Amino acid sequence: MYNQEDVYGVRKQLNRMITIVAVVFLGSLIISIIVAGTVNNRLGMYILIFGICLDIFVWGMFGSPVLAYYNFLKDIFTGRIREESGVVKSVNTKPVYKDNRLYYYEVLIDDGETERMLLIDANKPLPAFDIGKRYEFEVYQNYVVNIL
(Lines give C-alpha, C1' and ligand atoms only; values in the text may rest on other atoms or scores of the structure.)
Protein backbone atom coordinates (compact mmCIF):
# COMPACT_ATOMS: atom_id res chain seq x y z
CA MET A 1 0.00 0.00 0.00
CA TYR A 2 2.81 2.42 0.83
CA ASN A 3 6.03 3.21 -0.97
CA GLN A 4 8.81 5.78 -0.76
CA GLU A 5 7.07 8.01 -3.31
CA ASP A 6 4.32 8.60 -0.73
CA VAL A 7 6.91 9.89 1.73
CA TYR A 8 8.52 12.13 -0.88
CA GLY A 9 5.15 13.55 -1.93
CA VAL A 10 4.15 14.33 1.65
CA ARG A 11 7.60 15.79 2.38
CA LYS A 12 7.12 18.06 -0.64
CA GLN A 13 3.74 19.19 0.72
CA LEU A 14 5.28 19.77 4.16
CA ASN A 15 8.08 21.88 2.69
CA ARG A 16 5.49 23.88 0.73
CA MET A 17 3.46 24.51 3.90
CA ILE A 18 6.54 25.60 5.84
CA THR A 19 7.44 27.95 3.00
CA ILE A 20 3.93 29.44 2.94
CA VAL A 21 3.94 29.97 6.71
CA ALA A 22 7.39 31.59 6.56
CA VAL A 23 6.39 33.87 3.67
CA VAL A 24 3.19 34.96 5.44
CA PHE A 25 5.11 35.73 8.63
CA LEU A 26 7.96 37.57 6.93
CA GLY A 27 5.53 39.45 4.66
CA SER A 28 3.43 40.64 7.57
CA LEU A 29 6.56 41.53 9.55
CA ILE A 30 8.04 43.61 6.71
CA ILE A 31 4.74 45.33 5.95
CA SER A 32 4.15 46.09 9.64
CA ILE A 33 7.64 47.58 10.02
CA ILE A 34 7.16 49.78 6.95
CA VAL A 35 3.68 50.90 8.06
CA ALA A 36 4.86 51.51 11.64
CA GLY A 37 7.70 53.68 10.41
CA THR A 38 5.80 55.70 7.82
CA VAL A 39 2.13 55.79 8.79
CA ASN A 40 1.31 54.78 12.33
CA ASN A 41 2.93 52.53 14.92
CA ARG A 42 -0.41 51.14 16.12
CA LEU A 43 -1.50 50.23 12.57
CA GLY A 44 1.80 48.41 12.06
CA MET A 45 1.19 46.45 15.25
CA TYR A 46 -2.32 45.45 14.07
CA ILE A 47 -0.93 44.27 10.74
CA LEU A 48 1.68 42.16 12.52
CA ILE A 49 -0.93 40.65 14.86
CA PHE A 50 -3.18 39.87 11.89
CA GLY A 51 -0.26 38.21 10.07
CA ILE A 52 0.63 36.08 13.09
CA CYS A 53 -3.01 35.04 13.55
CA LEU A 54 -3.23 34.17 9.85
CA ASP A 55 -0.02 32.17 10.20
CA ILE A 56 -1.38 30.20 13.16
CA PHE A 57 -4.63 29.54 11.27
CA VAL A 58 -2.86 28.35 8.11
CA TRP A 59 -0.54 26.06 10.07
CA GLY A 60 -3.34 24.64 12.21
CA MET A 61 -5.71 23.98 9.32
CA PHE A 62 -3.29 22.89 6.60
CA GLY A 63 0.23 22.38 7.91
CA SER A 64 -0.42 20.37 11.05
CA PRO A 65 -2.34 17.55 9.29
CA VAL A 66 0.43 17.27 6.67
CA LEU A 67 3.03 17.02 9.44
CA ALA A 68 0.95 14.36 11.24
CA TYR A 69 0.65 12.32 8.04
CA TYR A 70 4.38 12.66 7.35
CA ASN A 71 5.16 11.39 10.86
CA PHE A 72 2.65 8.56 10.36
CA LEU A 73 4.42 7.47 7.17
CA LYS A 74 7.84 7.70 8.83
CA ASP A 75 6.58 5.52 11.69
CA ILE A 76 5.24 2.94 9.25
CA PHE A 77 8.54 2.70 7.38
CA THR A 78 10.74 2.62 10.48
CA GLY A 79 8.47 0.75 12.91
CA ARG A 80 8.11 -2.92 13.65
CA ILE A 81 5.59 -4.55 11.32
CA ARG A 82 3.85 -7.77 12.26
CA GLU A 83 1.33 -10.00 10.56
CA GLU A 84 -2.25 -10.40 11.75
CA SER A 85 -4.88 -12.64 10.29
CA GLY A 86 -8.54 -12.77 11.00
CA VAL A 87 -12.05 -12.95 9.70
CA VAL A 88 -13.43 -9.56 8.71
CA LYS A 89 -16.58 -8.94 10.72
CA SER A 90 -17.36 -5.37 9.68
CA VAL A 91 -15.95 -2.52 7.64
CA ASN A 92 -16.81 1.11 8.29
CA THR A 93 -16.87 2.78 4.87
CA LYS A 94 -17.06 6.25 6.37
CA PRO A 95 -13.68 7.53 7.61
CA VAL A 96 -13.41 8.44 11.29
CA TYR A 97 -11.05 10.86 13.02
CA LYS A 98 -8.72 8.84 15.24
CA ASP A 99 -5.86 9.67 17.60
CA ASN A 100 -6.57 13.40 17.16
CA ARG A 101 -4.49 13.26 13.99
CA LEU A 102 -5.87 11.67 10.84
CA TYR A 103 -8.86 9.95 9.24
CA TYR A 104 -9.04 6.16 9.01
CA TYR A 105 -11.42 3.43 7.92
CA GLU A 106 -12.20 0.97 10.72
CA VAL A 107 -12.04 -2.76 10.02
CA LEU A 108 -13.14 -5.16 12.76
CA ILE A 109 -11.52 -8.60 12.56
CA ASP A 110 -11.87 -11.72 14.68
CA ASP A 111 -8.70 -13.79 15.01
CA GLY A 112 -10.41 -16.64 16.85
CA GLU A 113 -9.56 -15.41 20.33
CA THR A 114 -10.27 -11.70 20.29
CA GLU A 115 -11.79 -9.04 18.12
CA ARG A 116 -9.41 -6.34 16.93
CA MET A 117 -10.00 -2.97 15.36
CA LEU A 118 -7.61 -2.26 12.50
CA LEU A 119 -7.30 1.15 10.90
CA ILE A 120 -6.79 1.75 7.18
CA ASP A 121 -5.52 5.12 5.99
CA ALA A 122 -8.37 7.18 4.49
CA ASN A 123 -5.93 8.83 2.07
CA LYS A 124 -5.67 5.48 0.30
CA PRO A 125 -8.61 3.79 -1.42
CA LEU A 126 -10.54 1.36 0.74
CA PRO A 127 -10.00 -2.21 -0.50
CA ALA A 128 -13.07 -4.33 -1.19
CA PHE A 129 -13.53 -6.72 1.73
CA ASP A 130 -15.80 -9.74 1.82
CA ILE A 131 -17.46 -9.91 5.22
CA GLY A 132 -16.83 -13.32 6.78
CA LYS A 133 -13.67 -14.02 4.78
CA ARG A 134 -10.23 -14.47 6.39
CA TYR A 135 -7.54 -11.94 5.43
CA GLU A 136 -3.87 -11.55 6.26
CA PHE A 137 -2.70 -8.06 7.21
CA GLU A 138 0.68 -6.50 7.78
CA VAL A 139 0.15 -4.03 10.61
CA TYR A 140 2.11 -1.45 12.55
CA GLN A 141 0.43 -1.10 15.95
CA ASN A 142 -3.18 -1.22 14.71
CA TYR A 143 -2.58 0.53 11.37
CA VAL A 144 -2.81 -1.63 8.25
CA VAL A 145 0.36 -1.33 6.18
CA ASN A 146 -0.46 -3.99 3.59
CA ILE A 147 -3.10 -6.60 2.86
CA LEU A 148 -1.61 -9.94 1.86
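Before reading on, note that the structure itself is shown above.
Every value quoted in this text rests on a predicted model; they were computed, and no experiment measured them.

Points about the overall build of the protein chain
Next up, step 1: On a plain count of helices and strands, the protein chain comes out with two helices and six strands.
Next up, step 2: Put simply, the protein chain runs from its N terminus to its C terminus through helices and strands in the order α-α-β-β-β-β-β-β.
Next up, step 3: At 22 Å, the protein chain has a C-alpha radius of gyration far larger than the 15 Å of a compact globule built from 148 residues.
Next up, step 4: If you line up the protein chain on its principal axes, its C-alpha atoms span 75 × 25 × 20 Å.
Next up, step 5: Taking all 148 residues of the protein chain together, the buried fraction comes to 30%.
Next up, step 6: Across the protein chain, the fraction of contacts at a sequence separation of at least 24, relative to all contacts at a separation of at least 6, is 56%.

Remarks on the environment of Gly-132
Next up, step 1: Secondary-structure assignment places Gly-132 in the loop between strand S4 (115-121) and strand S5 (134-140).
Next up, step 2: Judged by relative accessible area, which is 52%, Gly-132 ranks as exposed.
Next up, step 3: Setting aside residues no more than four positions away along its own chain, Gly-132 makes contact with Val-87 and Val-88.

Focus on the packing of aromatic side chains
Each pair of aromatic rings is reported with the distance of its centres and the angle of its planes.
Next up, step 1: One pass over the structure, following the stated rule, counts nine aromatic pairs.
Next up, step 2: Pairwise contacts between aromatic rings join Tyr-2, Tyr-69, Phe-72, Tyr-104 and Tyr-143 into one cluster.

Quick word on helix H1 (residues 4-38)
Next up, step 1: Relative to the 51 Å expected for 35 residues at 1.5 Å per residue, H1 spans 51 Å between its end C-alpha atoms, a close match to the ideal helical length.
Next up, step 2: Taken residue by residue, H1 has Asp-6, Val-7, Val-10, Leu-14, Met-17, Val-21, Ser-28, Ser-32 and Val-35 as its buried positions.
Next up, step 3: Those residues of H1 hidden inside the fold are in contact with helix H2 (41-78).
Next up, step 4: Regarding H1, its N-cap is Asn-3, as a side-chain oxygen of that residue lies 3.2 Å from the backbone nitrogen of Glu-5 further along.

Section: the nonpolar core
Next up, step 1: Counting 17 residues, the largest nonpolar core has Tyr-2, Tyr-69, Phe-72 and Leu-73 as the members making the most contacts within it.
Next up, step 2: At the level of elements, H1, H2, strand S3 (102-110) and strand S6 (143-147) are the ones that each hand at least two residues to this core.
Next up, step 3: Tallying contributions element by element places H2 first for this core, with seven residues.
Next up, step 4: Contacts of Tyr-2, omitting those with residues within four sequence positions, involve Tyr-69, Phe-72, Leu-73, Ile-76, Phe-77, Asp-121, Lys-124, Val-144 and Val-145.
Next up, step 5: The next biggest cluster of nonpolar side chains, apart from the first, holds eleven residues, and it includes Val-88, Ile-120, Phe-129 and Tyr-135.

What counts, and where the lines are drawn
Residues numbered from 1 in each chain as written. Predicted model: local features only at pLDDT ≥ 70, side-chain atom pairs only at ≥ 80, totals over all residues. Heavy atoms only, no water. Helix = DSSP H or I, 4+ residues; strand = E, 2+ residues; numbered from the N terminus. Rg over C-alpha atoms; globule rule 2.2 N^0.38 Å. Buried < 20%, exposed > 50% of the residue type's maximum accessible area, 1.4 Å probe, protein only. Contact = heavy atoms within 4.5 Å. Phe/Tyr/Trp six-rings, centres within 6.5 Å; stacked < 30°, edge-to-face > 60°. Expected span 1.5 Å × (residues − 1). Polar contact = N/O pair within 3.5 Å; in protein donor to acceptor, adjacent residues only side chain to side chain. Core = buried A, V, L, I, M, F, W, Y, C linked by side-chain atoms within 4.5 Å.

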